Amino acid sequence: MKLLWALAPLLVTAQTISKPPVAPGRSIYLSNCSLCHGATGEGGRGPNLSSGTPVHGTTDADLRRVISKGVSGTPMPSFRFEGSEMAQLLGYLRSLRTTRVAVEKAPGDAASGHVIYEKLRCNACHRIDKSGSVYGPDLSRVGAGRSLAYLRESIVNPSADVPPVYRGVAVTAADGSRVTGIRVNEDSFSLQLRNIAQQFVLFDKSEIKEMGERKESLMPPYSNLTPKELDDLVSYLASLRGAITKQGVKKGVEVR
Ligand code: HEC
Ligand code: HEC
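Residues numbered from 1 in each chain as written. Chains lettered and ligands numbered in written order. Predicted model: local features only at pLDDT ≥ 70, side-chain atom pairs only at ≥ 80, totals over all residues. Heavy atoms only, no water.

Peer 1: Can you break down the sheet that holds strand β6 (residues 200–204) residue by residue, with the values?
Peer 2: To summarise the sheet geometry, strands pair through backbone hydrogen bonds and adopt either a parallel or an antiparallel arrangement. Pairing within the open sheet is antiparallel, and its five strands lie in the order β6-β5-β4-β3-β7. Every other strand in the sheet has two partners, leaving β6 and β7 (208–213) as the edge strands with one partner each. Here the average twist between neighbouring strands, direction ignored, is 40°. With five bridges connecting them, strand β3 (residues 168–173) and strand β4 (residues 178–186) associate as antiparallel partners. The residue bridging A170 from the neighbouring strand is T180, located in β4. (Pairing = 2+ DSSP bridges. Helix = DSSP H or I, 4+ residues; strand = E, 2+ residues; numbered from the N terminus. Axes fitted to C-alpha atoms, helices over the stretch in contact; angles between N-to-C directions.)

Peer 1: Account for the confidence of the model for the protein, naming residues and giving values.
Peer 2: Do not read the predicted coordinates in detail wherever pLDDT is low. Counting all residues, the mean pLDDT for the protein is 86, and 84% of those residues have values of 70 or more. When mean pLDDT is taken per element in the protein, helix α6 (residues 110–119) scores highest with 98 and helix α1 (residues 2–18) scores lowest with 49. Long-range and interchain partners of residues 12–17, a stretch whose pLDDT sits below 50, account for two contacts in this model, where long-range means more than four residues apart. (pLDDT = per-residue confidence, 0-100. Contact = heavy atoms within 4.5 Å.)

Peer 1: If you had to explain the site of ligand 2 to someone new, which residues and values would you point to?
Peer 2: In the region of ligand 2, 25 residues are neighbours, and C122, C125, H126, S217 and M219 sit closest. One of the side-chain nitrogen or oxygen atoms of R146 is found 2.8 Å away from an oxygen atom of ligand 2. In this structure, an oxygen atom belonging to ligand 2 sits 3.2 Å away from a main-chain N or O atom of P158. Put simply, the parts of the chain that give the shell around ligand 2 at least two residues each are α8 (148–156) and α9 (227–238). For the shell around ligand 2, the class distribution of residues is 19 nonpolar, four polar and two charged. (Near = heavy atom within 4 Å. Polar contact = N/O pair within 3.5 Å; in protein donor to acceptor, adjacent residues only side chain to side chain. Nonpolar A, V, L, I, M, F, W, Y, C, P; charged D, E, K, R; others polar.)

Peer 1: Before we move on, can you summarise the coordination of the iron atom of ligand 1 with the specific residues and values?
Peer 2: Coordination of the iron atom of ligand 1 by the protein involves H37 (NE2) and M76 (SD), with metal-donor separations of 2.0 to 2.1 Å. What the six donor atoms of the iron atom of ligand 1 show is an angle range of 87 to 178° at the metal, which sorts the shape as octahedral. Taken together, the residues H37 in helix α3 (residues 34–37) and M76 in the loop between α4 (60–69) and α5 (83–99) connect sequence positions 39 residues apart. A relative accessible area of 10% means that H37 is categorised as buried. When its relative accessible area of 22% is taken as the criterion, M76 is described as partly exposed. (Donors = N, O, S within 2.8 Å, 3.2 Å for Na, K, Ca; no water. Tetrahedral: all angles 85-135°; square planar, octahedral: opposite > 155°, others 65-115°. Buried < 20%, exposed > 50% of the residue type's maximum accessible area, 1.4 Å probe, protein only.)

Peer 1: Outline the coordination of the iron atom of ligand 2, supporting the account with residue identities and numerical values.
Peer 2: For the iron atom of ligand 2, every protein donor is listed as H126 (NE2) and M219 (SD), and the spread of their distances is 2.0 to 2.1 Å. Metal-centred angles of 88 to 179° between the six donor atoms at the iron atom of ligand 2 mark the site as octahedral. Here the residue H126 occupies a position in the loop between α6 and β1 (127–128), and M219 occupies one in the loop between β7 and α9, the gap between them amounting to 93 residues. Here H126 falls in the buried class, since its relative accessible area comes to 10%. A relative accessible area of 25% means that M219 is categorised as partly exposed.

The structure is reproduced here in structure tokens:
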């Protein structure tokens, strides 16, 4: 996934060179949206726009609203387009839907995925609605915000895409003790981490011997699930779509 994003600009350039000029809506899409929604709308950090099940509606008015306001509390930004650009973009988004007939469908059984979620104690780090931990991201709406492929990769290879706020920090204090956690606060004199037990640990910077950001995710990879277990777990996560109000999404609890 990460590699694909890294390559995306190259692919775009190669296409523009080898093909006749593309429809204007498509180039607007490629330069503003494909980073998160994929080059053909297949999704990634953002949901699938070609064959996913939209939670924000399907009419032009719905799309216009989402694009010009963004979705607060999620990575979906707001955009300003000139009148004709917006119309071209909407036309392109519609064409993405009509060229794909199949609807993206989670392949497994969400109910048994829920059982697996409990069995593996994912809630030691994640919260869904009101239960679980806030060490990792709140998953109450994760199915609305990510593509199936992204969810799958988040389980088997979490280090592929770690949002900056969830990068782990490993600290060795002057007395030799080591703590790994998520940065909650930092200034020139102090650093505050939340450890996996959800305790806050405060360091005076003068007491820190070594400190480094971890490249890998704080989430362990779950690479020994059977294909069926993985399908079920992905289906369960995809079913978590939360509530949407006029103001935007019902936010997960942000404790950061
Ligand atoms: C930084 C990543 C990012 C970029 C860039 C981005 N989006 Fe999004 N988009 C998201 C995320 C994440 C969501 C899911 C919001 C949620 O959780 O409800 C989303 C949601 C949407 C939705 C609603 C989908 C649904 O299921 O109802 C539409 C439509 C959309 N984006 C269109 C666009 C368009 C068009 C652009 C470019 C002009 C764009 N996005 C750029 C991340 C992004
Ligand atoms: C030790 C803590 C920990 C455990 C246990 C854990 N996770 Fe995570 N998880 C995290 C952290 C931290 C992140 C954010 C960093 C990242 O994306 O890798 C994350 C990210 C995720 C994401 C991506 C969320 C998003 O918004 O894109 C999903 C999905 C996820 N975890 C599912 C699971 C599932 C399912 C399990 C159980 C099988 C699980 N996690 C177990 C800590 C954990």
